[in-house]
Amino acid sequence: MPRNPSTGVYSKPAGTTPSVGQVIDPAPWNALTTDLGNEITNSLPRDGSAPMAAPLKAASGTVSAPGLGFASNPQTGLYLKGGGVLGFTQNGVDITFDRAAMYAAKSGDYTALASDDNAVHRFTAAATLTLSAAATLGANWHYCIIADGGDVTIDPSGLETVDGAATLVLKNGYSVEIICSGAAFFTNKLFARIQSKADSSAVGDFVVGLTLSNNASNPNTHVDFAAGSARSGASFVSSAASFTKRVTGTFAAGTGAGGLDAGAVAANATYFAYALRKDADLSFDVVLSTSATIGGVITTLLAGYTIVKCIGVVLTDASSLIRQFVMYPRDEYTFVPPIKDAAGAAVSTTSALLALTVPNGTRVKAKLRFQYTSTATTASALFSDPSQGILFASIGNDGGNVGAVQVASNYAIGSADIWTNTSKQIRQVAGAAGNFWMWTDGFYFPCGRAA
């Protein structure tokens, strides 16, 4: 055919250029008219009444002059980029589209590459995800991570950061999208919002579980905390497994590590246990302090932690060893064995304070049993909450809680749960001078447990 299929140039047949007076040979002229008819038939109608019968070949074009454009806006259309990549331009500006999402499961540590742009990786076990250098990944690189089998630690290259931090721990069961700026990494903040939801919607405070006990292997130096959770105001933390702290060392992160906020373990001391939340990953820990309030806890070793709530207390004996105890629901402690806080101690008609073996610095309800004797033929003793003021023991006055002695030098017994003052004291008084014995079975130290 006269039209060159490669260039599209039409060349008419030889013998079809006539001169004046020449006798026309019909053969080449018939071929010419046949060719013209064929080429007109093979042309694309401008009104779109017929489709192309073969692929349309456009010019490669450029971003400012696309190979396929529009009459009203020739700078908008399609062009061919280097490497045979299709380009889209709008008013002479290149338009970039996302790569198709790519899913893969990962069972261990992995390094994210530039080729992982728009990938979705599900980690089925605890792992460390290392991010290649931000400059290598480039601006607009983004990547979705799903932790589905363990925590995933996201670790940017060198000194680069993610959300301003050196690392980000994606807790098991959560997902996050990482975006690269070309110099640093950021998240879509959804993960942080979900994890902090319990805080932002906090109502009241409580302790669930986290009951204390002497450690089975090291009962004199280590205390165990059962799995559970604690909330105070807008702060919440939980632990899915039991946790252990020791009183023979200052605070270090993790179960089995030292727990004291400062100093060395002391004799006959009270250590309040506070639930901690690590700010970076919301994980659980415990610090032990002699302070009965959060404000008094020494925080030198607690950088990066939030003190959530007091969850219990442990006492040491004269040898600086943890006293043996059993903890029951509703914050009830029982010593094993009971502690004899008085043996033949003098009691008179003058009210006096009596110190007990209970937590110091806070009020608790002591669980007490007592025995009283007097040479008087009829007398009783009264043990009471110091906040009630000075009372008098006798049936005609404020009564008693150790039964009346009917025979001189005989014994009366009784029991009561009595609130102490913050110096671990109660009041004692008798209707007649005598002696008494007192056993402290334990105490109630309310931290908010309902069970």
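All chains use their own residue numbering, which begins from 1 and follows the written sequence. Local features are withheld for residues below a pLDDT of 70 in this predicted model, meaning they are given only at 70 or higher, and side-chain atom pairs are given and counted only at 80 or more; totals for whole chains, interfaces and linings count all residues. Note that the side-chain values use all heavy atoms of the structure and ignore hydrogens as well as water.

**Q** Sorry, what's going on with the overall build of the chain here?
**A** Counting secondary structure elements, the chain contains four helices and 31 strands. We compute the radius of gyration from the C-alpha atoms alone; for a globule the expected value is 2.2 Å times N to the 0.38, where N is the number of residues. For a compact globule of 451 residues, the expected C-alpha radius of gyration is about 22 Å, and the chain comes in at 43 Å, more than 25% above that figure. When the 451 residues of the chain are sorted by exposure, 38% land in the buried category. Taking the contacts inside the chain whose residues are at least 6 apart along the sequence as the reference set, 59% of them involve residues at least 24 apart. We treat Lys and Arg as the positive residues and Asp and Glu as the negative residues; His and chain ends play no part in the count. Where a charge lies is defined by one atom per residue type, namely NZ (Lys), CZ (Arg), CG (Asp) and CD (Glu). Where the 28 positive side-chain charges of the chain centre and where its 30 negative ones centre are 6 Å apart. Numbering of helices and strands runs from the N terminus, with a helix taken as a DSSP run of H or I at least four residues long and a strand as a DSSP run of E at least two residues long. To sort residues, take the accessible area from a 1.4 Å probe on protein chains only and compare it with the maximum for the residue type: under 20% means buried, over 50% means exposed, and anything in between is partly exposed. Any two residues whose heavy atoms approach within 4.5 Å are treated as being in contact.

**Q** Looking at this model, I keep getting lost on the nonpolar core. Mind explaining?
**A** Nonpolar side chains tend toward joint burial in soluble globular proteins. With 63 residues, the main nonpolar core has F225, I311, F383, M438, F443 and F445 as its most contacted residues. To define a nonpolar core, start from buried Ala, Val, Leu, Ile, Met, Phe, Trp, Tyr and Cys residues and group those joined through side-chain atoms within 4.5 Å. Counting 22 residues, the second largest nonpolar core, distinct from the first, contains A119, L129, L168 and L170.

**Q** Could you clarify how one ought to interpret unusual backbone geometry in this entry?
**A** In terms of backbone geometry, most residues other than glycine have negative phi values and most peptide bonds are trans. Put simply, V336 and P337 share a cis peptide bond, and its omega is 0 degrees. The topology assignment puts P337 in strand β24 (residues 332-347). With a phi angle near 65 degrees, N118 is a residue other than glycine that sits in the positive phi range. Tracing the backbone through its elements, the reader meets N118 in the loop between β5 (110-112) and β6 (119-123). On the accessibility criterion, N118 (15% relative accessible area) is buried. Of note in the backbone geometry, R330 takes a positive phi value of approximately 60 degrees without being a glycine. On the basis of relative accessible area, R330 is assigned to the exposed category, the value being 58%.

**Q** In this structure, what is going on with the packing of aromatic side chains? I would like to understand it.
**A** Side-chain rings of Phe, Tyr and Trp, where Trp is taken by its six-membered ring, are said to pair if the distance between their centres is within 6.5 Å; with planes under 30 degrees apart they count as stacked, over 60 as edge-to-face, and otherwise as tilted. A complete count under the given rule lists twelve aromatic pairs for this structure. A network of ring pairs unites the aromatic residues F325, Y333, F335 and F443 as a single cluster. When the NZ atom of lysine or the CZ atom of arginine is within 6 Å of a ring's centre and also within 35 degrees of its normal, the charge is said to sit over that ring. A cation over a ring is seen here: K106 above Y110, with NZ or CZ 4.0 Å from the ring centre. K367 extends its terminal NZ or CZ atom over the ring of Y444, reaching a point 5.8 Å from the ring centre.

**Q** Mind showing me how you'd approach the state of the cysteines here?
**A** When the sulfur atoms of two cysteines share a covalent bond, that bond is a disulfide. For this text, the term disulfide refers to a pair of cysteine sulfurs within 2.5 Å. What the rule picks out here adds up to zero disulfides. C144 forms no disulfide, and the closest cysteine sulfur to it belongs to C180, at a distance of 16 Å. Note on C144: relative accessible area 22%, which makes it partly exposed. With no disulfide of its own, C310 lies 4.2 Å from the sulfur of C447, the closest cysteine sulfur.

**Q** Would you explain the pairing of strand β26 (residues 365-374) in this entry?
**A** The two faces of the sheet receive side chains in turn, since in a regular strand these alternate between them. In terms of burial, β26 is a largely internal element, seven of the ten residues being buried. Both β26 and strand β29 (residues 411-419) contribute to a ladder of nine bridges, which runs antiparallel. Paired with T373 across the bridge in β29 is Y411. With ten bridges connecting them, β26 and strand β31 (residues 434-444) associate as antiparallel partners. Two strands are counted as paired when DSSP detects at least two bridges linking them.

**Q** Even after reading the chapter, I still don't get the sheet that holds strand β13 (residues 206-209), so can you show me in this structure?
**A** Strand pairing in a sheet takes place through backbone hydrogen bonds and is either antiparallel or parallel in direction. Sheet architecture is open: three strands sit in the order β13-β16-β17, paired in antiparallel fashion. The open sheet has two free edges, formed respectively by β13 and β17 (235-239), since each of these has just one partner strand. Taken over all neighbouring pairs, the strand axes of this sheet differ in orientation by 5 degrees on average, direction set aside. Of the strand pairs in this sheet, β13 and strand β16 (residues 228-232) are connected by four bridges, and their pairing is antiparallel. Axes here refer to lines fitted to C-alpha atoms; in helices the fit is confined to the stretch in contact. Angles between the N-to-C directions go from 0 to 180 degrees.

**Q** Please explain the pattern of salt bridges as it appears in this structure.
**A** Side chains that differ in sign of charge can pair as their charged atoms come close. Whenever Lys or Arg places a side-chain nitrogen within 4 Å of a carboxyl oxygen from Asp or Glu, that contact is recorded as a salt bridge. Within this structure, the stated rule accounts for eight salt bridges. Here E332 and K367 are joined by a salt bridge, their closest N and O atoms 2.7 Å apart. Residue E332 is located in strand β24, and its partner K367 is located in strand β26; the two are separated by 35 residues in the primary sequence. Each member of the pair, E332 as well as K367, carries the same accessibility label: buried. Of the charged contacts, one joins D441 and R369 as a salt bridge, the two residues approaching to 2.8 Å between their closest N and O atoms. Highlighted residues: D441 in strand β31 and R369 in strand β26, separated in sequence by 72 residues. Taking the relative accessible area as the measure of exposure, R369 reaches 34% and is therefore partly exposed.

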